[in-house]
Amino acid sequence: MRKAAVTGHPIGHSKSPLIHGYWLKQHGIEGSYVAQDVPPETARSFYSSLPEHGFVGCNVTIPNKEHAYNAAEKLDDAAKMIGAVNTLWLDENGVLNGSNTDGLGFLGNLDQLLPNWDKNGNKAIVLGAGGAARAIIWALLSRGYTEVYIANRTMEKAQKLADHFGPNTIAISWDTLGEKLGEADLLVNTTSLGMTGQPELKIDLDNLSKSAVVTDIVYSPLQTELLRDATERGNRTVDGLGMLLHQAVPGFEKWFGVRPEVTGELRKIILREMGLA
Ligand code: NAP
């Protein structure tokens, strides 16, 4: 029986077992997917010896994504550019492959809920310069965005990302955000602001074009203040839950051989689990 896991420390609150359990059941696959606590001190050796632990692959979450990156023998382009691995699998030759599927998850969510969202997209504003921002910048560049502005509380981190991703990415100070909003086709929040227990994200959307798409990768609460404000002024919005669901798709396909779908039913199950439906 093929067995996969979500690994991290702590790992108790992960929604991944629910997501993969749903797909295993839906497809009648006799496999399993469990939550496995892996402390960072032992992470590198754990990932380098997955078969000895009975796993064909795994997801990787905080704080082990860089350990997984270092353990992988082969990295895809997304993992290389993002600099972190959230999905590991052994290929037919037993080689440990690593990918980062957060960017694909971000794209899959928008593609599903707002088809053609990127059709005329050129300019995006990304709020934040942490791990998730790296994945989203990679995703936007892969879709042909030519100007990706990065605004972050700590400007140096935004500049570091812009240097890393090259000339189509530009670091801007938080203070100049208002001016830049007028040019954007897409606004993405990748900071933890607006998340339950965190301060609200306070930005003035006055200059934002009504045709711009606004999305927030924070999914608890589902409707963040940013999304509410944007909806009220007539912008199209997409919440962040689908990113969590879509980022799981490539791993399931690698481990269990079937490409699963993100269905409305799966979304409802996760919302119920989160006490949001
Ligand atoms: P991270 O690496 O810790 O980065 C956090 C970001 O938030 C940084 O840009 C940080 O700015 C900013 N920030 C935090 N507190 C702030 C404050 N008080 N004021 C201004 N900026 C603040 O975290 P991450 O992994 O990128 O995750 C960010 C958020 O995305 C989390 O809420 C996470 O749950 C969510 N997320 C969602 C998905 C999904 O599937 N939907 C996937 C990944 C992450 P500084 O650089 O100045 O500290």
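Residues numbered from 1 in each chain as written. Predicted model: local features only at pLDDT ≥ 70, side-chain atom pairs only at ≥ 80, totals over all residues. Heavy atoms only, no water.

## Observations regarding helix 7 (residues 155–165)
Here helix 7 has its buried residues at Ala158, Leu161, Ala162 and Phe165. Down the axis of helix 7, the smallest arc covering the buried residues is 100°, so these residues share one side. Along helix 7, the residues that are exposed and aim more than 90 degrees away from the buried face are Glu156, Lys160 and Asp163. Tucked into the core, helix 7 has its buried residues touching helix 4 (77–82), helix 6 (131–142), strand 8 (147–151) and strand 9 (169–172). Backbone geometry just after helix 7 places glycine 166 at a positive phi near 95°. (Buried < 20%, exposed > 50% of the residue type's maximum accessible area, 1.4 Å probe, protein only. Helix = DSSP H or I, 4+ residues; strand = E, 2+ residues; numbered from the N terminus. Arc of directions from axis to C-beta. Contact = heavy atoms within 4.5 Å.)

## Things to note about the domain arrangement of the protein
Looking at the protein, the domain boundaries give domain 1 (2–100 + 248–273) and domain 2 (104–240). Taking only C-alpha atoms into account, the centre of domain 1 sits 26 Å from that of domain 2. Tallying the contact residues gives nine residues for domain 1 and ten residues for domain 2. Roughly 850 Å² is buried in total at the junction of domain 1 and domain 2, and carbon and sulfur atoms are behind 60% of that figure. Looking only at domain 1, the three residues that lose the most surface to domain 2 are Met81, Ile82 and Arg267, adding up to 58% of its buried area. The tally of links from domain 1 across to domain 2 stands at one salt bridge. Among the secondary structure elements, those contributing two or more residues to the side of domain 1 that touches domain 2 are helix 4 and helix 12 (264–273). A per-element tally of the side of domain 1 that touches domain 2 places helix 4 first, with four residues. Classifying every residue of the side of domain 1 that touches domain 2 gives six nonpolar, one polar and two charged. (Domains from an automatic or database assignment. Buried area = accessible area lost by both parts, 1.4 Å probe. Salt bridge = Lys/Arg side-chain N within 4 Å of Asp/Glu carboxyl O. Nonpolar A, V, L, I, M, F, W, Y, C, P; charged D, E, K, R; others polar.)

## Considering the site of the ligand
Surrounding the ligand, one finds 20 residues, the nearest of these being Ala132, Asn152, Arg153, Thr154 and Ile217. Alanine 129 has a polar backbone atom sitting 2.9 Å from an oxygen atom of the ligand. Take arginine 153: an N or O atom from its side chain is 2.8 Å from an oxygen atom of the ligand. For the shell around the ligand, the elements supplying multiple residues, two or more each, are helix 6 and helix 10 (241–246). Looking at side-chain class alone, the shell around the ligand contains nine nonpolar, nine polar and two charged residues. (Near = heavy atom within 4 Å. Polar contact = N/O pair within 3.5 Å; in protein donor to acceptor, adjacent residues only side chain to side chain.)

## A look at the sheet that holds strand 3 (residues 57–60)
Taken in spatial order, the six strands line up as 2-1-3-5-6-4 in an open sheet, and their pairing is mixed. Two strands in the sheet have a free side with no partner beyond their single neighbour: strand 2 (32–37) and strand 4 (74–75). Here four bridges tie strand 5 (residues 87–90) to strand 6 (residues 96–99), and the two strands are oriented antiparallel to one another. Of the residues in strand 6, the one forming a bridge with tryptophan 89 is asparagine 97. Lying on the sheet, helix 1 (residues 16–26) is in contact with strand 1 (3–8), strand 2 and strand 3; it crosses strand 2 at an angle near 165°. (Pairing = 2+ DSSP bridges. Axes fitted to C-alpha atoms, helices over the stretch in contact; angles between N-to-C directions.)

## Looking at the pattern of salt bridges
Taken as a whole and judged by the stated rule, the model has nine salt bridges. For lysine 65, the salt bridge is made with aspartate 102, and the minimal N-O distance between the two is 3.4 Å. Placement of the pair is lysine 65 in helix 3 (residues 65–71) and aspartate 102 in helix 5 (residues 102–113), with a sequence separation of 37 residues. Assessed through its relative accessible area of 24%, lysine 65 is described here as partly exposed. Note that glutamate 183 and lysine 180 form a salt bridge whose closest N and O atoms lie 3.3 Å from each other. For glutamate 183, a relative accessible area of 34% translates into the label partly exposed. One salt-bridge network, in which partners are shared between bridges, spans Lys123, Glu147, Lys180 and Glu183.

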